[in-house]
Amino acid sequence: HAFDLISGHALELYWQPQDEFSPLTMASQIRHYKSVYGGRWILHEGLDDYYGIAVQRAAVKNSDETRTTLSADGNWQLNSVELESQISMTWLGTAQPLVRDKEWGGYLQLVAPIVDHFYAVGRYEHFEFSRFSKAMDTGLGGVVFRPQPKLSFKLEWQQTFGEQTVNPTGLYGSIAVLF
């Protein structure tokens, strides 16, 4: 990771030459990778916003499948309101039968303060996967409690339309600790 403090640019490169670091914790995932490499260029990173682009190439374990992903993401803040978005496209290489030979999707998320330490969160996602004929559209609304900047408790309702295998409709809770 190289970062230019004056211009706000950064370049991150990564390479995972063999297997996943901890495949046992990924038991619920439908695919595991045997190698991954890529990079992310942060075009601008300021106190109130950032945006960047990334590219990644992955080979899937126990398969002939390769995945090449291009994505763009950004985050903007204004008066304690935060808007975040990402869009990505993945091209697949495989002899396996697929519904479509690429996957794409993105999300748009808005977070706004309610009262001290409480935030409202709203999110919309659209994804089209290679193995499902229906697209997945998900709307999410919830409340986040942050007693400290690095600690979050979240409760949210997620409503999914179309393909529900990946993100089923329901009430979800989570706890996050940032390091």
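Residues numbered from 1 in each chain as written. Predicted model: local features only at pLDDT ≥ 70, side-chain atom pairs only at ≥ 80, totals over all residues. Heavy atoms only, no water.

(A) Representation of the overall build of the chain in the model. The helix and strand inventory of the chain stands at zero helices and 11 strands. Each helix and strand of the chain, ordered N terminal to C terminal, gives the series β-β-β-β-β-β-β-β-β-β-β. For the chain, the residues scored as buried account for 28% of the 179 residues in total. Considering only contacts in the chain between residues 6 or more positions apart, those separated by 24 or more positions represent 38%. Only carbon and sulfur atoms are counted for the fraction: they give 62% of the accessible area of the chain, which is about 11,600 Å². (Helix = DSSP H or I, 4+ residues; strand = E, 2+ residues; numbered from the N terminus. Buried < 20%, exposed > 50% of the residue type's maximum accessible area, 1.4 Å probe, protein only. Contact = heavy atoms within 4.5 Å. Areas by Shrake-Rupley, 256 points an atom, 1.4 Å probe, with all protein chains shown as cover.)

(B) Region of interest: the pattern of salt bridges. Under the criterion given, the structure shown has eight salt bridges. The partner of Glu65 in a salt bridge is Arg131, with the nearest N and O atoms 2.6 Å apart. Residue Glu65 is located in the loop between strand S4 (49-60) and strand S5 (66-78), and its partner Arg131 is located in the loop between strand S8 (118-128) and strand S9 (136-148); the two are separated by 66 residues in the primary sequence. Looking at Glu65, the relative accessible area reads 3%, which means it is buried. The exposure class assigned to Arg131 is partly exposed, which follows from its relative accessible area of 34%. Note that Asp101 and Lys102 form a salt bridge whose closest N and O atoms lie 3.9 Å from each other. What makes Lys102 partly exposed here is its relative accessible area of 34%. (Salt bridge = Lys/Arg side-chain N within 4 Å of Asp/Glu carboxyl O.)

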